[in-house]
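Coordinates in review
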Amino acid sequence: MTKQAKQKLIIRTLSVLSPLTLLILWELLARLHAIDVRLLSSPSMIVKTLIPLLLSGDLLYNTWISVQRVLWGFIAGSIPGILLGIAMGLSPFIRSAVEPMINATYPIPKLALMPLILLIFGIGETSKIFTIAIGVFYLVVINTMAGVLNIDKIYLDVAKNFRASRTNFYLTVALPGALPMIFAGLKLGMGMALILIVAAELSAAKAGVGWMIWRAYDMFDIEQMFVALITLSVLGYLFSLVLDLVERWVLPWKQTR
Amino acid sequence: MEDCILIKNINKSFPLQDKELTILHDITFSIRQGEFFCIFGPSGCGKTTLLRIIAGLETASSGEIIISQTPKDRPVNSMVFQEQSVFPWMTVLDNVSYGLRMRGIKKAARNKLAAHYIDMIGLTKFTNAYPNQLSGGMKQRVSVARALCNDPEILLMDEPFGALDEQNRLILQQELLKIWENLHKTTVFITHSIDECLCLGDRVMIMTAHPGTIKTIINIDLPRPRDIATIRTTIGYNELYQKVWLSLKDEVQRRTDS
């Protein structure tokens, strides 16, 4: 084995070994009563709770409810975000009209809006989807605008020199040029959506992963809480995996090197 | 040969603080049909601005440009830019056929035409590659093919090989020479290299700076077809080199002295 291959192997085993060690350590400390299992549980106890939740379909049902809310909120936030962001990037008029409002409202924590949203939209699905949509919208609109503004001026000259019509300019220069930044916005937005789903399901929800966490809190069911946390982590991983795949498909020119 | 481009009393200035900064002062000259016309001058002489005015990317403060078009539906000009200007999000094929696409030509027809020009610049193997898989020299070839494929009345080139290394520059000059000697397309070529003027051009216009004016126009009556490898040993090359250099030298010295 070459020195390089050896190093690669060590790095790979290390990245598997270190979380495994942590889990074993956690389990050991729990069994030795060095940590309070009522608060911190243990891997084996979590697995014991996970299996019935999985088999009964309870976990999948709650996950599916949350996934739907996240997806609808994501779509409802990102599409207007992309359209407005492109418009703001291209037109100084639209930019100067809209940007102050965006800048003024962006720092408001989206969680602080929840009570207002609940009052306006009631306790149904709309309020949850809207909360997520707002969080996603800001990140996407800001990144999209920056993406359009950062398109190298030379490409605008090329489009002008080749007499590109307005529509053609959007389709062949503005949109593809801004896409890498749009994707950066979408990825940040997805992270934000996962944060907000838990908060949105805190009040007035009857299902969902976030709701599971709060129910577990009410019932002091630490294991169920951990199961929900693990589910969120898996969801986050899957969502970013899907976004990466879409990005690779939409931006082939960024990958091949 | 008749004139293809007539440039009459072009002035360009813009306000700077409370003064008026003149970039181009009373530029008048004409370029013949099928001519390779070089514009040469020190940096700051406004040669790029002049080209951008001809291209319609900037407007002159006064004066007019008359370009005779044959046939009428042909695009007036296509430009090869100095810096990297090939769209990174399009394949070589889509880049080269871009002008045709903007003119609403059907995909099959424009791809066929583009394939011809891609072959001409020797990048057939890279037809479906993206620019980030190409070297700097290859990208500039794509840029040249993109302009040629649009079949413009005049080809505008703004120091297209300025950013390339020596070997690539020589190779691309040779290829451009070969392509141009086949097509005889009216070309306006900006450069800051005397050698490049003499290798490629039919005439060279020397400009002075601050404000940009025409110093003189020199005929480059070196025989064609030319060869980059041997042109420097052609009779007359050295005399022309001196002639161009001397007319510029005064200018550069005048500026460094002042």
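Residues numbered from 1 in each chain as written. Chains lettered and ligands numbered in written order. Predicted model: local features only at pLDDT ≥ 70, side-chain atom pairs only at ≥ 80, totals over all residues. Heavy atoms only, no water.

**Quick notes on unusual backbone geometry**
Residue Pro211(B) is reached from His210(B) by a cis peptide bond, and omega for that bond is -5 degrees. Cis geometry is adopted by the peptide bond preceding Pro225(B), which originates at Arg224(B) and carries an omega value of -5 degrees. The phi dihedral of Arg163(A) falls on the positive side, at around 60 degrees, and the residue is not glycine. Looking at Arg163(A), the relative accessible area reads 53%, which means it is exposed. Not every positive phi belongs to a glycine, and His184(B) is a case in point at roughly 50 degrees. (Buried < 20%, exposed > 50% of the residue type's maximum accessible area, 1.4 Å probe, protein only.)

**Examining the environment of Val98(A)**
All names here are of chain A. Structurally, the position occupied by Val98 is in helix α5 (residues 92–105). The class of Val98 is buried, set by a relative accessible area of 17%. Residues Val98 and Gly85, 13 residues apart in the sequence, show an inter-C-alpha distance of 10.0 Å. (Helix = DSSP H or I, 4+ residues; strand = E, 2+ residues; numbered from the N terminus.)

**Description of the state of the cysteines**
Residue and element names in this part refer to chain B. On inspection of all chains with the given rule, the structure shows 0 disulfides over all chains. With no disulfide of its own, Cys4 lies closest to Cys38 among cysteine sulfurs, the gap being 16 Å. What makes Cys4 buried here is its relative accessible area of 2%. Free of any disulfide, Cys197 has its nearest neighbouring cysteine sulfur in Cys38, separated by 4.6 Å. (Disulfide = S-S within 2.5 Å.)

**Description of the pattern of salt bridges**
Evaluated as defined, the whole model comprises 21 salt bridges over all chains. One salt bridge connects Lys8(B) with Glu64(B), and the closest N-O pair in it is separated by 3.8 Å. Residue Lys8(B) is located in strand β1 (residues 3–16), and its partner Glu64(B) is located in strand β4 (residues 62–67); the two are separated by 56 residues in the primary sequence. The partner of Glu153(B) in a salt bridge is Arg74(B), and the shortest N-O contact between them spans 3.3 Å. Of this pair, Glu153(B) sits in the loop between α5 (136–149) and β6 (154–158) while Arg74(B) sits in the loop between β4 and β5 (77–80), and the two are 79 residues apart along the sequence. Comparing Glu153(B) with Arg74(B) shows no difference in burial state: the two are buried. What you see here is one network of salt bridges that share partners, running through Lys153(A), Asp157(A), Arg52(B) and Glu58(B). (Salt bridge = Lys/Arg side-chain N within 4 Å of Asp/Glu carboxyl O.)

**Some details on the domain arrangement of chain B**
Residue and element names in this part refer to chain B. Under the domain assignment, chain B is made up of domain 1 (3–76 + 155–257) and domain 2 (83–151). Relative to domain 2, the C-alpha centre of domain 1 lies at a distance of 25 Å. Residue-level contacts link 14 residues of domain 1 with 12 residues of domain 2. For the domain 1 and domain 2 pair, buried surface summed over both sides reaches about 1,200 Å², with 66% attributable to carbon and sulfur atoms. (Domains from an automatic or database assignment. Contact = heavy atoms within 4.5 Å. Buried area = accessible area lost by both parts, 1.4 Å probe.)

**Regarding the packing of aromatic side chains**
All names here are of chain A. By the definition in use, this model includes 17 aromatic pairs over all chains. An angle of 40 degrees between the planes, with centres 5.9 Å apart, marks the rings of Tyr106 and Tyr138 as tilted. On the criterion of sequence distance, the pair formed by Tyr106 in the loop between α5 and α6 (114–121) and Tyr138 in helix α7 (residues 125–149) is long-range, its members being 32 residues apart. Taking relative accessible area as the criterion, Tyr138 reaches 12% and is therefore assigned buried. (Phe/Tyr/Trp six-rings, centres within 6.5 Å; stacked < 30°, edge-to-face > 60°.)

**Some remarks on the sheet that holds strand β3 (residues 36–40) of chain B**
Residue and element names in this part refer to chain B. Ordered by their spatial adjacency, 6 strands build an open sheet running β5-β6-β7-β3-β8-β9, and the pairing between neighbours is mixed. With partners counted over all chains shown, the strands left at the sheet margins are β5 and β9 (213–219), one partner each. Strand after strand, the sheet turns through a mean of 20 degrees between neighbouring axes, direction not considered. Where β5 lies against β6, 4 bridges are found, and the strand directions are parallel. Directly across from Ser78, in β6, lies its bridge partner Leu155. Across the face of the sheet, helix α1 (residues 47–55) comes into contact with β3, β5, β6, β7 (186–191) and β8 (203–208) while running at roughly 150 degrees to β6. (Pairing = 2+ DSSP bridges. Axes fitted to C-alpha atoms, helices over the stretch in contact; angles between N-to-C directions.)

**Notes on the interface of chain B and chain A**
Of the residues lining the interface, 26 residues belong to chain B; the matching set on chain A comes to 21 residues. Of all residues in chain B, Trp89(B), Met102(B) and Asn132(B) give up the largest surface area on contact with chain A, accounting jointly for 31% of the area buried on that side. Here Asp157(A) makes a salt bridge to Arg52(B), at a shortest N to O gap of 2.8 Å. At the junction of chain B with chain A, the criterion picks out 7 residue pairs in polar contact (both at pLDDT 80 or more). Elements with a minimum of two residues in the side of chain B that touches chain A: α1, β5, α3 (98–102) and α5 of chain B. (Polar contact = N/O pair within 3.5 Å; in protein donor to acceptor, adjacent residues only side chain to side chain.)

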